[in-house]
Amino acid sequence: MRRLVLCAAASLALYFAAFAFVLHRPLSVGLLRMEMDQKLARGARLASPKLVVLAGSNAPFSHSCRVIGAMLGLPCENGGVAVGIGLDDLFARWSPLLHRGDSVYLPIEIQQYDITAAQNRMDMDGAWLFYRNRALLWHLGALRALAGAFGSTMPDGLEALAEMAAHAAGLGHRRAMLAAQFDREGDRIGTTLATADPGFLATLHRIEPGPRAIADGYGARETARFVRRLSARGVIVIGGLPTDFDTVRLPEADIVAIRRIFTRHGGHFVELPDRSRYPRADFYNSEDHLAQPCQYLHSIAVARALGPLLDRAVRPPGAAMRALAATCPSARMTIAARVE
Amino acid sequence: MLFNSPVFVVAFLPLCLGLFALAGWRFGPRAALVVLLAASLVFYGWWKPVFLPLLAGSIVGNYVWVRVMRRAMRRKPLLVAGLVANLGLLGWFKYAGLFAATGASLFGVRAPDLGIVLLLGISFFTFQQIMYLVDSYRDETPACGFVDYACFVGFFAHLLAGPIVRPREIIPQFVRHDGRVRSGDLVAGIEMFLLGLAKKLVLADSLARFADPGFRAAAAGHPLSLVEAWVALLAYGAQIYFDFSGYSDMAIGLARMIGIRFPLNFRSPYQARDISDFWRRWNITLSGFLRDYLYIPLGGNRHGEARRNANLMITMLLGGFWHGAAWSFLAWGGLHGIYLIVHQQWRRFGGRMGARLAQGITLLAVLVAWVPFRAESLRASWIMLRGLCGAGGVLLPDLIVKAVPALRLVATPVAVLPYLGAARTMSVVQGVALVGLAWGIILLAPDVHSLRVRGRNAALIAGFAFSVQALFFAPFARPFIYFQF
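Model, not experiment: these values are computed from the prediction.

### Quick notes on the overall build of chain B
From N to C terminus, chain B includes 19 helices and 2 strands. Over its C-alpha atoms chain B spans a radius of gyration of 24 Å, differing by no more than 12% from the 23 Å that the globule rule assigns to 485 residues. Along the longest, intermediate and shortest principal axes, the C-alpha atoms of chain B span 75 × 55 × 50 Å.

### Points about the overall build of chain A
Per the secondary structure count, chain A includes 19 helices and 9 strands. What you see for chain A is a C-alpha radius of gyration of 21 Å, in line with the 20 Å of a compact globule of 340 residues. With the C-alpha coordinates aligned to their principal axes, the bounding extent of chain A is approximately 75 × 45 × 40 Å. Buried residues in chain A amount to 50% of all 340 residues. In chain A, of all internal contacts separated by at least 6 residues, the share reaching a separation of at least 24 is 81%.

### A look at the pairing of strand β3 (residues 103-106) of chain A
Residues and elements named next belong to chain A. What you see with β3 is no split at all: Ser 103 and Tyr 105 on one side and Val 104 and Leu 106 on the other are buried throughout. As defined by bridge partners, strand β1 (residues 51-53) adjoins β3 across 3 bridges and the pair is classed as parallel. Along β3, the bridge assignment pairs Leu 51 with Ser 103. The sheet contact formed by β3 and strand β4 (residues 236-240) spans 4 bridges and is parallel. Looking across to β4, one finds that Ser 103 is bridged to Ile 236.

### Points about the interface of chain B and chain A
Of the residues lining the interface, 31 residues belong to chain B; the matching set on chain A comes to 31 residues. Broken down by element, the side of chain B that touches chain A gets its largest block of residues, 10 residues, from helix α19 (residues 453-473) of chain B. Tallied by class, the residues present in the side of chain B that touches chain A amount to 23 nonpolar, 6 polar and 2 charged.

### As for the domain arrangement of chain B
Residue and element names in this part refer to chain B. Each domain of chain B was delimited in the assignment, giving domain 1 (6-181), domain 2 (184-266 + 394-485) and domain 3 (276-365). Between the C-alpha centres of domain 1 and domain 3 there is a distance of 27 Å. If you look at the interface, domain 1 gives 13 residues, while domain 3 gives 7 residues. Elements represented by at least two residues in the side of domain 1 that touches domain 3 include exactly α4 (76-107) and α5 (122-137). The biggest single contributor to the side of domain 1 that touches domain 3 is α5, with 5 residues.

### With respect to α4(B)
All names here are of chain B. In this model, α4 (32 residues) spans only 38 Å end to end at C-alpha, well below the 46 Å of a helix rising 1.5 Å per residue. Along α4, the helix axis deviates most sharply at Tyr 95, where the bend reaches about 60°. Listed in full, the buried residues belonging to α4 are Gly 82, Asn 86, Phe 93 and Lys 94. Contact partners of the buried residues in α4: α3 (52-71) and α5. Remark: Gly 108 follows α4 within two positions and exhibits a positive phi of approximately 70°.

### A closer look at unusual backbone geometry
For the bond from A:Ser48 to A:Pro49, the omega torsion is 0°, close enough to zero to count as cis. Position of A:Pro49 relative to the elements: it lies in the loop between α2 (29-45) and β1. Backbone geometry at A:Arg275 places phi at a positive 55°, although glycine is not the residue there. Mapped onto the fold, A:Arg275 is located in the loop between β6 (268-270) and β7 (277-278). One non-glycine residue, B:Asn283, lies in the positive phi region at around 40°. Along the chain, B:Asn283 falls in the loop between α11 (275-281) and α12 (284-298).

### A word on the pairing of β4(A)
Residue and element names in this part refer to chain A. Summarising burial for β4: 5 of the 5 residues are buried, a large majority. Residue alternation in β4 divides its side chains into two sets, Ile 236, Ile 238 and Gly 240 and Val 237 and Gly 239, and both sets are buried. Two strands pair when backbone bridges link them, and β4 and β6 are joined in this way by 3 bridges, in the parallel orientation. When the bridges of β6 are listed, Ile 238 appears paired with His 268.

### A few points about the nonpolar core
Among the nonpolar cores identified, the biggest contains 222 residues, and A:Ile68, B:Leu207, B:Ala232 and B:Ala235 are the most heavily contacted of them. Among the elements that make up this core, the one with the highest residue count is helix α10 (residues 226-257) of chain B (20 residues). Dropping the residues within four chain positions of it, B:Leu207 is found in contact with B:Ala235, B:Ala238, B:Gln239, B:Phe242, B:Leu434 and B:Ala438.

### Section: the sheet that holds β6(A)
Residues and elements named next belong to chain A. Ordered in space as β2-β1-β3-β4-β6, the 5 strands form an open sheet in which the pairing is parallel. The sheet is open, and its two edges are formed by β2 (76-78) and β6, each paired on a single side. Adjacent strand axes in the sheet meet at a mean angle of 20°, parallel and antiparallel pairs treated alike.

### What about the environment of A:Ala281?
Of note, A:Ala281 is situated in the loop between β7 and β8 (283-286). Between the C-alpha atom of A:Ala281 and that of A:Leu201, which follows or precedes it by 80 residues, the distance is 8.5 Å.

### A look at the environment of A:Arg144
Residue and element names in this part refer to chain A. Along the chain, Arg 144 turns up in helix α10 (residues 142-149). Judged by the 25 C-beta atoms lying within 10 Å of it, Arg 144 is buried. Through-space distance from the C-alpha of Arg 144 to that of Arg 260 is 27 Å; in sequence the pair is 116 residues apart. For Arg 144, the residues in contact, after removing those within four places along its chain, are Asp 88, Arg 121, Gly 126 and Leu 137.

### Some points on the confidence of the model for chain B
Per-residue confidence for chain B gives a mean pLDDT of 89, with 98% of residues at or over 70. This prediction of the complex comes with two scores: 0.83 for pTM and 0.85 for ipTM.

### Structural notes on the packing of α10(B) against helix α18 (residues 427-444) of chain B
Helix-helix packing: each pair is described by the crossing angle between the helix axes and the interaxial distance. Residues and elements named next belong to chain B. As a packed pair, α10 and α18 sit with axes 10 Å apart at the nearest point and diverge in direction by 45°. In terms of orientation, α10 and α18 fall into the oblique class. Seen from above, α10 lies across α18 with left-handed handedness. Taking contact as the criterion, the partners of Val 231, Leu 234, Ala 235, Ala 238 and Tyr 241 in α10 are, on α18, Gly 431, Val 432, Val 435, Ala 438, Trp 439 and Ile 442. Split by residue class, the contact of α10 with α18 holds 10 nonpolar, 1 polar and no charged.

### Brief notes about the packing of α10(B) against helix α16 (residues 378-388) of chain B
Residues and elements named next belong to chain B. As a packed pair, α10 and α16 sit with axes 7 Å apart at the nearest point and diverge in direction by 115°. With respect to α16, the element α10 is oriented roughly perpendicular. Crossing of α10 over α16 shows left-handed handedness. Contacts between α10 and α16 pair Leu 226, Glu 228, Ala 229, Trp 230 and Leu 233 from the former with Met 384, Gly 387 and Leu 388 from the latter. Classifying every residue of the contact of α10 with α16 gives 6 nonpolar, 1 polar and 1 charged.

### So, α10(B)
All names here are of chain B. Relative to the 46 Å expected for 32 residues at 1.5 Å per residue, α10 spans 46 Å between its end C-alpha atoms, a close match to the ideal helical length. The buried count for α10 comes to 30 of 32 residues, which makes it a mostly enclosed element. Remark: Gly 259 follows α10 within two positions and exhibits a positive phi of approximately 85°.

### Focus on the environment of A:Thr203
Secondary-structure assignment places A:Thr203 in the loop between α13 (198-201) and α14 (211-216). Accessibility expressed as a C-beta count within 10 Å gives 13 for A:Thr203, which makes it partly exposed. Expressed as a C-alpha distance, the spacing of A:Thr203 and A:Gly234, which sit 31 residues apart in the sequence, is 44 Å. Other than its neighbours up to four places away in sequence, A:Thr203 contacts B:His222 and B:Pro418.

The rules behind the values
Residues numbered from 1 in each chain as written. Chains lettered and ligands numbered in written order. Predicted model: local features only at pLDDT ≥ 70, side-chain atom pairs only at ≥ 80, totals over all residues. Helix = DSSP H or I, 4+ residues; strand = E, 2+ residues; numbered from the N terminus. Rg over C-alpha atoms; globule rule 2.2 N^0.38 Å. Buried ≥ 20, exposed ≤ 12 C-beta atoms within 10 Å, placed from the backbone. Contact = placed C-beta atoms within 7 Å. Pairing = 2+ DSSP bridges. Nonpolar A, V, L, I, M, F, W, Y, C, P; charged D, E, K, R; others polar. Domains from an automatic or database assignment. Expected span 1.5 Å × (residues − 1). Bend = angle between axes of the 7 residues up to and from the residue. Core = buried A, V, L, I, M, F, W, Y, C linked by C-beta atoms within 7 Å. Axes fitted to C-alpha atoms, helices over the stretch in contact; angles between N-to-C directions. pLDDT = per-residue confidence, 0-100. Parallel < 35°, antiparallel > 145°, perpendicular 65-115°, else oblique. Left-handed = near helix turned anticlockwise from the far one by under 90°.

Below, the structure written as structure tokens:
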């Protein structure tokens, strides 16, 4: 029995040492963390009042701070990174940077509301925080810290070895990749309609969670806590719907459940007339990712909806923005109503 | 209850072992076996208690029937009636839905909803009882008490997915059991259980993440590119081996903890030199059952070449069909039947080839046969086979083609390979590395039962922490593949 116990102890010690000090994934998770760090650094430098857009990848792909900020006359940072970065992590990092008079817009992906606490604990950022920022991981709670310590699977370890070798060999220049993919407001760029993947988009079929799952989800509770805390500090918090295919069913009860997460805790909620639903032809490579012309078109609509809530005059979009938005497939049908 | 669930590992198993040892020490071996039987019924009823009476009825019914048969002057009619009853129960629960649906589609009418839920483990405990019935008819197994018999059939370690153990190997062990838990057995059992757990949680479940999307896509009618199809098939081939051999090791370990020795069920099957050798290494207890209770009674190889081939084909078709109520399982069995017949003819005519080439061909044949076994329909099998041949194109993610520009000569770069995991992480790299490691272990490492102490220590150190990670922190416990059979 002693031999088994020693083997088990050695196994655990090696595991913790490897994932705390040696193994990490610089080209996949590391790239996302670098994206987040850059966005946080820029967000910290913005003068108040400012606007921050937070969600998963729906924020940078489908929302343009360049457009919204210009139309509302506010400095804006697109702080969303990816689903899989835990909402608790995202909120904990942005919370200290948001002050009285600032605004935050949250078009959070609907599947993020209904995740369980266990799923949240196992988000991919836990392993990264265990490697890079154990103080923040501990700040997120003892269970989250424990899950972060046990956040790496054997395939993660294998991938880490491959990525570290590739990174050491000079493959994947992360700063250059981020510079090519994001503008200075944190918006995703280069997602042209010509490089979109309609074949892949045609295969996607998402079913949204029901209203009870949304209301009871750990993500919803985490968001509600964030809304309450920021609203108490005088930050204007506004929820919104993420972009999605117009074929994905979104019942009224779902919208009511999402709206309540914000309005019951001191926040606001905007719902666009089209409920942020667009034809597949408007998207890039996922339900949450509009191609850039449609990102602009959607952002123009979002800016117009946010203006009254923020008590800001809404300026018309610039000519270049209008021109790009006009090339979005759904804009061709409604161009007069939306852009002009 | 699953062996790979926290409730089993941290609650059920320690409690069961503790009560077994306590009952054996305080009240004697019979009491220990009664505790084991009660624990097995709790284990079985955990999922759907409503099925407990059926299991209990089947065990009591068979035991009484065999006692009657042993005393009868004319045993054969009783044997036939017993076989019909057991196979009838299996047929109703497992195949009635399939036959109703097939019949309805042939006549162009709507299939009736029979409302049958597959009884968990029915394929295994039916075969166990058929063995006892037949062996008792042949006087090849001694009579035993009810508790010994019930433990032989219902012991939770093998109740749901085998191994299918011979009555004459196991029943005497229960009869002779002294109700004690010995430390040597306990340690050996825990070690084997942990090694099996690591196979399941660390390897099989990780591989499933790369096997499932490809087969799901084929089931939905989406074409697969070459890399996606091969990663899915290689991942599945490794997954089913680690899943089932891991389960078997866990079952062997659980039995060993209380001093019961189960037979070996896997012996590095993918290292087989030919297809006959494969079947001597893969699911050894099922192969033995099919040989002794089907192939040999059909006539085996005693009535000429044509009859031998027919017997082989019947055995493999029925063996395939035993796995599940779908025609694709029949196709899997049929393919293996053809492989075995071709191999017999090759040997008969004195064919020879190099050992490595023979192993490679065998492996390829086995992998191809997994396609209908895993695919949800024959149409999905066809889509997967087309992908494996490259008919769906050769696609690779942009990121990789940019890193290795020479790949542009053979592959088309795409933003995302949809059936190889998440879009923004390097799942292709992860998938390929994992499949490479898994097949390295499969083809180069000895089986865990052949490992020396040093090798077992290394395997435990490599797997224990990842097992803890998967057991307590994975979002859900993935059932064993063979539980569905």
